[in-house]
Amino acid sequence: MGSSSGAVIALDVARRHGELLRGVVLSEPPLFSLDPDAGRVLMSELGPRVEEAMASGGPSAAVDAFFSLVCPGLWAMLDEDRKDRYRANADIGFADLRAPSLDVTAADLAAVTIRTLVIAGDTSHLALRSIAHRLAAALADARFIELADCGHVTYAEQPDAFAHAVAVCAAELDRRAPIPSA
């Protein structure tokens, strides 16, 4: 199970070692290769905001600018002490943003045959929702769920609905045949 860049990692594990898994849950992975136009739109909005904030207020302001655009629901939920934890890790967060994204195609994803639950928030950035839809459509055995009144950080913004969706998926996996032992 993974969310955002963690979902990219989870998908890569499923692609390369799917035989070891019964299922995977992916919440809004930013896989820009699935919708390059959407990725460009998001980055054209994000880049200038973050750069302007960095120039005027430093790394803390840049973190605020990033979360205000990409994760406004989560950012509104957090108190200043919790926001300060993110701000204190600005260097790590921005290094992650500069890292190349996993480059996958719909054809690559068709080879993933394990049960996949793709989750998106209905108020998340349009680019991230578009990617989530394309991801679910490209996978051989995927279910797509969009959580109401929810942004990018689905597990934090709608924890009960997220947990319910994961529990239903897990119950379905339990009813399937087990993975053969090696």
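Details of the structure are given in the entry above.
Residues numbered from 1 in each chain as written. Predicted model: local features only at pLDDT ≥ 70, side-chain atom pairs only at ≥ 80, totals over all residues. Heavy atoms only, no water.

Points about the overall build of the protein chain
Looking only at helices and strands, one finds nine helices and four strands in the protein chain. Scanning the protein chain from its N terminus toward the C terminus, one meets helices and strands in the order β-α-β-α-α-α-α-α-β-α-β-α-α. In the protein chain, buried positions account for 42% of the 182 residues. Relative to all contacts within the protein chain whose residues are 6 or more apart in sequence, the contacts with residues 24 or more apart total 71%. Of the roughly 9600 Å² of accessible surface on the protein chain, a fraction of 56% belongs to carbon and sulfur atoms. Here the protein chain contributes 16 positively and 25 negatively charged side chains, and the mean placements of these two sets differ by 5 Å. (Helix = DSSP H or I, 4+ residues; strand = E, 2+ residues; numbered from the N terminus. Buried < 20%, exposed > 50% of the residue type's maximum accessible area, 1.4 Å probe, protein only. Contact = heavy atoms within 4.5 Å. Areas by Shrake-Rupley, 256 points an atom, 1.4 Å probe, with all protein chains shown as cover. Lys, Arg positive; Asp, Glu negative; His and termini not counted. Charge placed at Lys NZ, Arg CZ, Asp CG, Glu CD.)

Here we look at the side chain of Asp 12
Tracing the sequence through the fold places Asp 12 in helix H1 (residues 5–17). With a relative accessible area of 16%, Asp 12 lands in the buried category.

Concerning the sheet that holds strand S4 (residues 142–147)
Read across the open sheet, the four strands follow the order S1-S2-S3-S4; overall the sheet is parallel. Only two strands of the sheet have a single partner each, and these edge strands are strand S1 (2–3) and S4. Examined bridge by bridge, strand S3 (residues 115–121) and S4 share six bridges and lie parallel to one another. From the neighbouring strand, Thr 116 faces S4, where its bridge partner is Ala 142. Contacting strand S2 (23–27), S3 and S4, helix H9 (residues 159–175) runs over the sheet at an angle of about 170 degrees to S3. (Pairing = 2+ DSSP bridges. Axes fitted to C-alpha atoms, helices over the stretch in contact; angles between N-to-C directions.)

Some points on the packing of aromatic side chains
Under the defined criterion, the tally for this structure stands at five aromatic pairs. Their ring planes at 85 degrees and their centres at 5.1 Å tell us that Phe 66 and Phe 67 sit as a pair that is edge-to-face. Residue Phe 66 is classed as buried on the basis of its relative accessible area of 16%. You can call Phe 67 buried: its relative accessible area is 12%. For the ring pair Tyr 155 and Phe 162, a centre distance of 6.3 Å and an interplane angle of 70 degrees mean the geometry is edge-to-face. Members of the aromatic cluster, connected to one another through ring pairs, are Phe 66, Phe 67, Trp 75 and Tyr 86. (Phe/Tyr/Trp six-rings, centres within 6.5 Å; stacked < 30°, edge-to-face > 60°.)

So, the state of the cysteines
Considering all chains together, one arrives at zero disulfides under this definition. In this model Cys 71 remains outside any disulfide bridge; the closest cysteine sulfur is found in Cys 150, 11 Å from its own. Among the residues examined, Cys 71 registers a relative accessible area of 5% and is labelled buried. In this structure Cys 150 comes out as buried when scored by relative accessible area, which is 0%. (Disulfide = S-S within 2.5 Å.)

Overview of the nonpolar core
Counting 22 residues, the largest nonpolar core has Leu 26, Leu 31, Leu 34, Leu 109 and Leu 135 as its most contacted members. Listed by contribution, the elements that provide at least two residues to this core are H1, S2, S3 and helix H7 (126–138). Apart from residues lying up to four places away in sequence, Leu 26 is in contact with Gly 2, Ala 7, Ala 10, Leu 11, Thr 116, Leu 117, Val 118, Ile 119 and Leu 135. (Core = buried A, V, L, I, M, F, W, Y, C linked by side-chain atoms within 4.5 Å.)

Side note on unusual backbone geometry
When glycine is set aside, most residues are seen to have a negative phi, and most peptide bonds are trans. Positive phi, close to 60 degrees, is recorded for Ser 4, a residue that is not glycine. Within the secondary structure, Ser 4 is located in the loop between S1 and H1. You will see that Asp 149, though not glycine, has its phi angle at about 55 degrees, which is positive. Counting through the fold element by element, Asp 149 comes out in the loop between S4 and helix H8 (154–157). Take Asp 149: its relative accessible area is 61%, and that puts it in the exposed class.

Considering H1
Helix length check: H1 (13 residues) gives 18 Å between terminal C-alpha atoms against 18 Å at 1.5 Å per residue, within 8%. Three or more residues of H1 are buried, namely Ala 7, Val 8, Ala 10, Leu 11, Asp 12 and Ala 14. For H1, the elements touching its buried residues are S1, S2, helix H6 (106–110) and H7. (Expected span 1.5 Å × (residues − 1).)

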